[in-house]
Amino acid sequence: MTRKLTVIPEQCSGCRICEIVCSIEHFGVINPKKSAIRVMITYPHPVLRMPIVCSQCKIPKCAQVCPVDALRRVNGVVQLDEQLCISCYKCVEACPFGAMYAHDGCDYPIKCDMCGGDPQCVKNCPKGALKLIPEAVLGESKRLNNVLSYTQMKEIEFYEMGEKKVIQYAEIGKEEL
Amino acid sequence: MRIKSGYFKKHLHVDLTHGTAERRDLSENFIEKYIGGRGFGAKMVWDNLKRHNFTIDPLGPENLLVIAPGPLTGVYLPSSGKCSFIAISPATGLYGDSSAGGGFGVELRQCGIDVLSIRGCAPALSVIFVDGVETKIIPMPELKGKTCLETEGLILDKLCTHAVHVAAIGVAGENLVKFACVNTDWSRNAGRTGIGAIMGSKNLKAIVVRGHEDLPVHDVKGQVVEADKAFKYLKEHKYFNLWQQEGLMNVIEYANEKGILPTHNFKDTVFTKHEQINGTKMLNHYKIGDSACFSCSMCCGNICLVKNGKYTGTVIEGPEYESCAMLGSNLGIDDFAAILSGCKLCDELGIDTISTGNIIGAVIEGYEQGVLTLDDLDGREISWGDEDSILELIQKIAMRQGIGDILADGSLRIIEKWPEMDKIILHVKGLEQSAYDSRAAMSMGLAYATSDIGAHHTRAWPVAKEMEEGQEWSDEELVDTVIYHQTLRPLFDMLGVCRLPWIELGLNEKRYENFYRYVTGKSVTLEELLMRSNDIYNLTRLINAHMGFSRKDDTLPYKVYSRPALTGPNAGKVLDRDKFEELLSLYYQKRGWDDNGLPTAETEKRFDD
């Protein structure tokens, strides 16, 4: 089963722990600039904190532009073969998400390898903003949100054994039907 | 044992008058003895003072501004994003420092330097751009009059990059408002002691940094294991979720319940409408996101948006407890949206929310009591909760218009102009008191009076401890608690990390000796680190002593002795002045200072190297 690294930007606090643990995992140093994930922050309009992660595309632009075929998709992860790589950084420029990186101190482009299936960023995110989910359920939370947007949640207060309780139920907008 | 890592051993010195930037080496002795952050700053300020025979105009070109992260800044451990800004303060004329979170300090270190110092005055409004090993001083007169946020945005555009961190001042800094702050990473402020005015006096609108170096850590693997344990401890703490959700805003309820919440310029210490301005209110109606400093899992920052009413569209990172109390209950404002708007205005203009809230509170009470006339207020009435007038006054302070021109010079100038205000305004040594009332907690009073920068809680915050367990304290225990706080809390500022994991979630301070060991490769005990922090306290005291300050200045505001709070659990309580003086003597004795509060000549010799 292919698993995807996905982001819930609303949850991200911008602490950049993902960047730190990535650099430790791949380079053995603490340097957020040597990571394959970056938190972009915009403020105040729009106010956003969002980690940029590699989508391990099935038709990877990075691999398409690679002149020496150093990037290949193996078991759902686009992997960089350092033996072949000539460090031209065409892949860094080609990625539509900007999810590949360059650093003066590194010989090769920095590319997410999913930590061999157990990404450190996901494990260490204190806010649960990064998730590893089966590809087949991608978009499930969006779908749920979409469903909920058709309904208006209403609350009723009631008493049970003298204790006040609240129950929520969905009232479907009549106009929309 | 030598220090093996943890430092680049480089100091970047920028002279704005001559337009030069120079990288100097830091000696082994210096980094070991002063650790970093406020330690580096205090020593550099001290040396600079000695060169100028202890006569320095805080707003003159000779005042040295030191920006110093610490050896743990940016390292993988809880909340390692702190950076201190140190100089002789224009508000007090004494040693001053303030620290900011975010990622500015981390980026500064990634430029391969441990400390940045700035002196002189640029011929035109300029920006310092530290780009890795290069340093440029770029004149940008077009930034004049721009707000902090506009400045940061324009700099990003002009330098065509997003990958930088900016520390900027607003209009208030340019206008030398004595409580102007430095705004880093959009909304993380080094708020207190008027560091923004120092940048303004140097014609320095912003400092931009961009670096790529690895952070020097001796044993990364060991550090990761130790840090993971600390992160795990925090995550399992029963209040961890509350911190992620409300951050410091949860303190409003606590302070109100305990009767230490400043209300109506400290006339009262409980606010009847506290539910309108507390964390729950924020969570249910305004909060749209979290915000954290570098490597922090607690994310105490809140991002709020006003969705309706006259302040619609106001977006702000904040508020936290201090801002919300000083611009909220202290001014009688019960509309959370108005508080957000006030905080936003302060962020934009670049002034400290604590001092601003304190001074405006004093103005309202002064007018109420007839000390200030309508004429003094430029014909505009002001009263508790009067949002429009208050927001207008904030603007006038930053722009130095009308009465704002006097208020912008801080408490001391206000009292000089209207001597009766001395009984109304709360300050120590010219720094306005922060948002914890001390009338029911002697230890907090002692902490304010003996803090090296003035009435601020950053050095010691024993109020909660005294409320909870201090009823039975002996004098010795009380003084020891204050001194322990004043030694441990500044240690966090020296290491370049945040103190909240320790004070709020009880992360054991012993862990920091391990962090220090893994990062520097040198074993020390917590006691040794505390001794060095204690040395810095002596050093800042020496600086203040040489500026003419002594026991006579370690006082508390008039209200603390003479005007009890009206309602709440601490109604009727004031501090006993004789008792306070007695404790002060004991405090000096324990610190090894003479009865006039001055360190000995022998202590001074320790800082000669």
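Residues numbered from 1 in each chain as written. Chains lettered and ligands numbered in written order. Predicted model: local features only at pLDDT ≥ 70, side-chain atom pairs only at ≥ 80, totals over all residues.

Colleague: Hey, could you run me through the overall build of chain A in this one?
Modeller: Scanning chain A from terminus to terminus reveals five helices and eight strands. Walking chain A from its N terminus toward its C terminus, one meets helices and strands in the order β-α-β-β-α-β-β-α-α-β-α-β-β. In terms of C-alpha radius of gyration, chain A reaches 21 Å, well past the compact-globule figure of 16 Å for 177 residues. Of the contacts made within chain A by residues no fewer than 6 positions apart, 49% connect residues no fewer than 24 positions apart. (Helix = DSSP H or I, 4+ residues; strand = E, 2+ residues; numbered from the N terminus. Rg over C-alpha atoms; globule rule 2.2 N^0.38 Å. Contact = placed C-beta atoms within 7 Å.)

Colleague: Would you mind showing me how to read the overall build of chain B here?
Modeller: Within chain B one finds 25 helices and 17 strands. The globule rule puts the C-alpha radius of gyration for 609 residues at 25 Å, and the 22 Å found for chain B is close to it. Expressed along its principal axes, the backbone C-alpha trace of chain B runs to roughly 60 × 60 × 50 Å. The 609 residues of chain B split such that 60% are buried. Of the contacts made within chain B by residues no fewer than 6 positions apart, 71% connect residues no fewer than 24 positions apart. (Buried ≥ 20, exposed ≤ 12 C-beta atoms within 10 Å, placed from the backbone.)

Colleague: Please clarify how helix 17 (residues 442–450) of chain B should be interpreted in this entry.
Modeller: Since one α-helical turn is 3.6 residues long, residues separated by three or four positions face the same way. Residue and element names in this part refer to chain B. Where burial is concerned, most of helix 17 is hidden: nine out of the nine residues are buried. Within the sequence span of helix 17, burial applies to M442, S443, M444, G445, L446, A447, Y448, A449 and T450. Those residues of helix 17 hidden inside the fold are in contact with strand 16 (427–428), helix 18 (463–469), helix 19 (475–495), helix 23 (558–562) and helix 24 (577–591).

Colleague: I'm lost on the nonpolar core in this one. Help?
Modeller: Among the nonpolar cores identified, the biggest contains 230 residues, and V45, V66, V177 and I351 of chain B are the most heavily contacted of them. Leave out the neighbours within four places in its chain, and V45 of chain B touches L64, V66, I86, A87, I88, Y95 and I543 of chain B. (Core = buried A, V, L, I, M, F, W, Y, C linked by C-beta atoms within 7 Å.)

Colleague: I tried to follow the domain arrangement of chain B on my own but got confused; where do I start?
Modeller: How big an interface is tends to be expressed through the accessible area that disappears when the partners come together. All names here are of chain B. For chain B, the domain assignment lists domain 1 (10–210), domain 2 (238–432) and domain 3 (442–605). The distance between the C-alpha centroids of domain 2 and domain 3 comes to 25 Å. With 24 residues of domain 2 at the interface, the matching set in domain 3 holds 26 residues. Among the secondary structure elements, those contributing two or more residues to the side of domain 2 that touches domain 3 are helix 8 (240–246), strand 16 and strand 17 (431–432). Considered class by class, the residues forming the side of domain 2 that touches domain 3 number 13 nonpolar, four polar and seven charged. (Domains from an automatic or database assignment. Nonpolar A, V, L, I, M, F, W, Y, C, P; charged D, E, K, R; others polar.)

Colleague: In this structure, what is going on with the environment of K273 of chain B? I would like to understand it.
Modeller: All names here are of chain B. The residue K273 is located in the loop between helix 9 (251–258) and helix 10 (279–285) in this model. Residue K273 is classed as partly exposed on the basis of its 16 C-beta neighbours within 10 Å. The spacing of K273 and G332 is 59 residues in sequence and 8.9 Å in space, taken between C-alpha atoms.

Colleague: Can you help me understand the sheet that holds strand 12 (residues 204–210) of chain B in this one?
Modeller: Note on sheets: strands pair through backbone hydrogen bonds, and any given pair is parallel or antiparallel. Residue and element names in this part refer to chain B. Across the sheet, six strands lie side by side as 8-7-12-9-10-11; this open sheet has mixed pairing. Looking at which strands have only one partner, the edges of the open sheet turn out to be strand 8 (134–139) and strand 11 (188–190). Averaged over neighbouring strand pairs, the angle between their axes works out to 20 degrees when direction is ignored. Helix 4 (residues 148–158) contacts strand 7 (126–131), strand 9 (165–168), strand 10 (182–184) and strand 12 of the sheet and is inclined by roughly 140 degrees relative to strand 9. (Pairing = 2+ DSSP bridges. Axes fitted to C-alpha atoms, helices over the stretch in contact; angles between N-to-C directions.)

Colleague: I'm lost on the interface of chain A and chain B in this one. Help?
Modeller: Facing the 21 residues of chain A at the interface are 24 residues of chain B. Of the residues belonging to the side of chain A that touches chain B, the class tally is ten nonpolar, six polar and five charged.

Colleague: Can you walk me through the sheet that holds strand 5 (residues 95–100) of chain B in this structure?
Modeller: All names here are of chain B. Ordered in space as 2-1-6-3-4-5, the six strands form an open sheet in which the pairing is mixed. On the outer flanks of this sheet lie strand 2 (20–25) and strand 5, each paired with one strand and no other. Strand-to-strand, the axes of this sheet are offset by a mean angle of 20 degrees, without reference to chain direction. Summarising the sheet, strand 3 (residues 65–69) and strand 6 (residues 115–119) pair through three bridges and their orientation is antiparallel. Opposite I67, over in strand 6, you have L116 as the bridge partner. In the packing of helix 2 (residues 38–51) onto the sheet, the strands contacted are strand 3, strand 4 (83–88), strand 5 and strand 6, and the crossing angle to strand 4 comes to about 20 degrees.

Colleague: Just to check I follow, could you spell out the pairing of strand 14 (residues 301–305) of chain B for this structure?
Modeller: Regular strands show a simple pattern: their side chains alternate between the two faces of the sheet. All names here are of chain B. In terms of burial, strand 14 is a largely internal element, four of the five residues being buried. Of the strand pairs in this sheet, strand 13 (residues 287–291) and strand 14 are connected by four bridges, and their pairing is antiparallel. Of the residues in strand 14, the one forming a bridge with K287 is C304.

Colleague: I'm lost on helix 2 of chain B in this one. Help?
Modeller: All names here are of chain B. Under the 1.5 Å per step criterion, the end-to-end length of helix 2 is 20 Å for 14 residues, consistent within 8% with the ideal 20 Å. Among the 14 residues in helix 2, ten count as buried, and that is most of the element. Three or more residues of helix 2 are buried, namely R38, G39, F40, G41, A42, K43, M44, V45, W46 and L49. With its phi angle positive at about 50 degrees, N53 sits one or two positions after the end of helix 2. (Expected span 1.5 Å × (residues − 1).)

Colleague: When you look at the confidence of the model for chain B in this model, what are you seeing that I'm missing?
Modeller: Detailed reading of the predicted model is not advised wherever pLDDT is low. Summarising the model, chain B shows a mean pLDDT of 95, and 100% of its residues fall at 70 or more. Across the predicted assembly, pTM comes out at 0.94 and ipTM at 0.94. (pLDDT = per-residue confidence, 0-100.)

Colleague: Please clarify how the domain arrangement of chain A should be interpreted in this entry.
Modeller: Structurally, chain A comprises domain 1 (3–138) and domain 2 (139–177). The C-alpha-based centres of domain 1 of chain A and domain 2 of chain A are spaced at 38 Å.

Colleague: Would you mind going over the packing of helix 2 of chain B against helix 22 (residues 526–546) of chain B with me for this structure?
Modeller: The packing of two helices is summarised by the inter-axis angle and the distance between the axes. All names here are of chain B. Running from N to C, helix 2 and helix 22 point in directions that differ by 30 degrees, and their axes come no closer than 10 Å. Here helix 22 runs roughly parallel to helix 2, going by the angle between their axes. Along this stretch, helix 2 crosses helix 22, giving a crossing that reads as left-handed. Residue-level contacts link R38, G39, A42, K43, V45, W46 and L49 of helix 2 to R532, I536, L539, T540, I543 and H546 of helix 22. Per-class residue counts for the contact of helix 2 with helix 22 are seven nonpolar, three polar and three charged. (Parallel < 35°, antiparallel > 145°, perpendicular 65-115°, else oblique. Left-handed = near helix turned anticlockwise from the far one by under 90°.)

Colleague: Just checking my understanding: could you explain the environment of D219 of chain B for this structure?
Modeller: Locating D219 of chain B in the fold gives a position in the loop between strand 12 and helix 7 (220–236). Every residue in contact with D219 of chain B, bar those within four places of it in the chain, is listed here: Y518 and G521 of chain B.

Colleague: Sorry, what's going on with unusual backbone geometry here?
Modeller: Glycine aside, negative phi is the norm for most residues, and most peptide bonds take the trans geometry. Of the consecutive residues Y43 of chain A and P44 of chain A, the connecting peptide bond is found in the cis state with omega at -10 degrees. Looking at the element boundaries, P44 of chain A is found in the loop between strand 2 (38–42) and strand 3 (48–52). Residue P319 of chain B follows G318 of chain B across a cis peptide bond; omega there is 0 degrees. With respect to the element layout, P319 of chain B can be found in the loop between strand 15 (315–317) and helix 11 (321–327). Positive phi outside glycine occurs at H264 of chain B, with the angle close to 50 degrees. Within the secondary structure layout, H264 of chain B lies in the loop between helix 9 and helix 10. The exposure class of H264 of chain B is partly exposed, given the 19 C-beta atoms found within 10 Å.

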